[in-house]
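# Commentary on secondary and tertiary structure
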Amino acid sequence: MLNNDHPIESIPAFVLGALDADEAARVAAHLAACPSCRAEAESFRTVVGMLPYAAGAAEPPARVKRQLFARIAATSAESAVPAAPERPVTPPSHSAKPVRWAVPVMALSLALALGFGAATFEARAQADRLAMELATSRQTLGLVETQLAESRQSGAEVAARLMASQQQLAHTQAQLAESQREVLALQEAGQQGEQFVSFIAAPQTVSRTLGTTGQAPDKASARVFMQPGHNRLVVLIHGLHTAEPGKVYRLWLARDNQAVAIGTITVDEDGIAELAVDAPEPMDTYDQVMITLDAMDMTTRPSDEVIFEANL
Amino acid sequence: MSRLSSPATGLSTAEDEALLARVARSDSNALEVLYERHARIVYATALRMLGNAELAEDIVQETFWRVWRRSGSFAAGRGQVAGWIFGIAHNLCIDELRRQRSRPMYAHGEQEQQALIEQTDDRGDVTSTAIERERRRVIVAALAQIPPEQREVLELAYFGGFSQSEIAQRLNSPVGTIKTRTRLALQKMRDLLHAQQMSAEDLHD
């Protein structure tokens, strides 16, 4: 219920959490944009925040608190654990490396300085050691390359997973769009319903109960609503069976014994049908209305299976 | 608008905000103090709404779990911490009630509830603190002053967890009437609590 577009009447129920979801959403949207209504809501929130005290106080069993704090302790422990193994493991030899290389080089220059002959043996030993170092380095390099390849592979896996997530996201977005379309359709249906009701409730609308024939089910009833000088008419029907296959209920208007097919009527499984149509001419120019059960394609004249009829 | 805090309760409100700020910094001791302060009210409310001790215990645990995880989302200076906590609990209870009512088996749940203002007997209530008893006295006194038909819709909405249209159906009245009663009830309660606060302040000046 709106008051100058401010949902004054609904704000208290909103604060109590007592609105249906769609109306609650409308009020929430309004509050987000309207400081005065927001202040109004806040003032009620203070009252509502006191209501629980009216229920009294009761000590919950001790296990509730135990479980709560065990749950909290478990999550803080969980969040503390991953920190340790995340630190990269660095080989302790790393910083010593330049020294390790420097020693044989220095030894080799020393050997050269001392004289080639005397130094040959020494130099060969150094060369052997260098070769070993080189082999070790190659091995390390190989290991790094393997690791790199593995990382690339897991990189590919991550990319694949990312793609899957993106697909999922696209899917979710599509679903969201679908839901939005449904909401729009529902809103539209709601508006149609409102138009229906406002037509029937309008002061200038007159209504006429249609007479049943021997071919109508026992409790069948039909009523037409129309406005003098206007083409619109609304028909409400209760207690009718759904039409058998190949047949259809059809509404006819007649004047001077000339009947015009106005529209077909679908009866739902509860036996209820409603139809709103515009006749070709204003309603007060017709003198008869009837509803017949016709063959699907018979639109030139009504069948003999008349269910309802009335003079206008 | 007017924040409800008589001098006696004003201190506890400020303390609550300080505690919640500590909770936001992952101080579980502060959460424990908040629990000691408010769990009794949350539990009693959940018991009243759900009529089931086991469910009410779950509500208490989940409420304070959410206080722990969402302490940062409380806007300081906007309402009271207690009201915020009760709001979390109330929403959880409403969710549970709507879940129950949407089940095809749902038929019970219409536990006869004792009217709130008939529950004012505090004898034997050894668990509540002075602040709780004072707030209860204030709110029950205010409830007693609004017309019974307004009190009824207020109770059905807050403690029954019924929507306005559900209440309209139960009481066989138009939704518009129910909304008006709800509004009048809360407006009157607001005025009464405000007057109460004023007189409490006068008393202390």
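For the structure, check the block above.
Since we're looking at a predicted model, the values are computed, not measured. (Residues numbered from 1 in each chain as written. Chains lettered and ligands numbered in written order. Predicted model: local features only at pLDDT ≥ 70, side-chain atom pairs only at ≥ 80, totals over all residues. Heavy atoms only, no water.)

### Points about the sheet that holds strand β4 (residues 232-238) of chain A
All names here are of chain A. Reading across the sheet, the 4 strands line up as β1-β3-β4-β7 and stay open at both edges, with antiparallel pairing between neighbours. Strands with a single pairing partner mark the edges of an open sheet, and in this sheet they are β1 (206-209) and β7 (273-278). Looking at each pair of strands side by side, their axes are set apart by 15° on average, direction ignored. Two elements, strand β3 (residues 221-226) and β4, share 6 bridges in a ladder whose sense is antiparallel. (Pairing = 2+ DSSP bridges. Helix = DSSP H or I, 4+ residues; strand = E, 2+ residues; numbered from the N terminus. Axes fitted to C-alpha atoms, helices over the stretch in contact; angles between N-to-C directions.)

### Some remarks on the interface of chain B and chain A
Taken together, the contacts link 63 residues of chain B with 43 residues of chain A. When the area that chain B buries against chain A is broken down by residue, the three leading residues are Q61, K179 and L186 of chain B, summing to 14%. On the surface where chain B and chain A come into contact, there are 8 salt bridges. The salt bridge involving E9 of chain A is made with R183 of chain B; its shortest N-O contact spans 2.7 Å. Viewed at the interface, chain A and chain B are joined by 18 residue pairs in polar contact (both at pLDDT 80 or more). Where the side of chain B that touches chain A is concerned, the elements lending two or more residues are α2 (28-50), α3 (53-70), α4 (81-102), α5 (130-144), α6 (148-158), α7 (164-171) and α8 (175-204) of chain B. It is α2 of chain B that provides the largest number of residues to the side of chain B that touches chain A, a total of 14 residues. (Contact = heavy atoms within 4.5 Å. Buried area = accessible area lost by both parts, 1.4 Å probe. Salt bridge = Lys/Arg side-chain N within 4 Å of Asp/Glu carboxyl O. Polar contact = N/O pair within 3.5 Å; in protein donor to acceptor, adjacent residues only side chain to side chain.)

### Here we look at the pattern of salt bridges
Taken as a whole and judged by the stated rule, the model has 20 salt bridges over all chains. Of the charged contacts in the structure, one is a salt bridge between D278 of chain A and R232 of chain A, with a shortest N-O distance of 2.9 Å. Taken as a pair, D278 of chain A in strand β7 and R232 of chain A in strand β4 lie far apart in primary sequence, 46 residues in all. Taking the relative accessible area as the measure of exposure, D278 of chain A reaches 48% and is therefore partly exposed. A relative accessible area of 32% means that R232 of chain A is categorised as partly exposed. Close ionic contact of E15 of chain B with R37 of chain B constitutes a salt bridge, the shortest N to O distance being 2.2 Å. Of this pair, E15 of chain B sits in helix α1 (residues 7-24) while R37 of chain B sits in helix α2, and the two are 22 residues apart along the sequence. Take E15 of chain B: its relative accessible area is 32%, and that puts it in the partly exposed class. With relative accessibility at 23%, the residue R37 of chain B sits in the partly exposed group. One continuous salt-bridge network, built from bridges that share partners, spans E59 of chain A together with R40 and E132 of chain B. (Buried < 20%, exposed > 50% of the residue type's maximum accessible area, 1.4 Å probe, protein only.)

### As for the nonpolar core
Within the largest apolar cluster, 82 residues are counted, with the highest numbers of intra-cluster contacts made by L16 of chain A together with L31, F64, I139, L154 and M189 of chain B. Top contributing element to this core by residue count: α2 of chain B, with 12 residues. Ignoring sequence-local partners within four residues, the contact set of F64 of chain B consists of L68 of chain A together with L31, L34, Y35, H38, A39, V42 and I85 of chain B. Counting residues in hydrophobic clusters, the runner-up holds 28 residues, among them A220, M226, Y249 and I265 of chain A. (Core = buried A, V, L, I, M, F, W, Y, C linked by side-chain atoms within 4.5 Å.)

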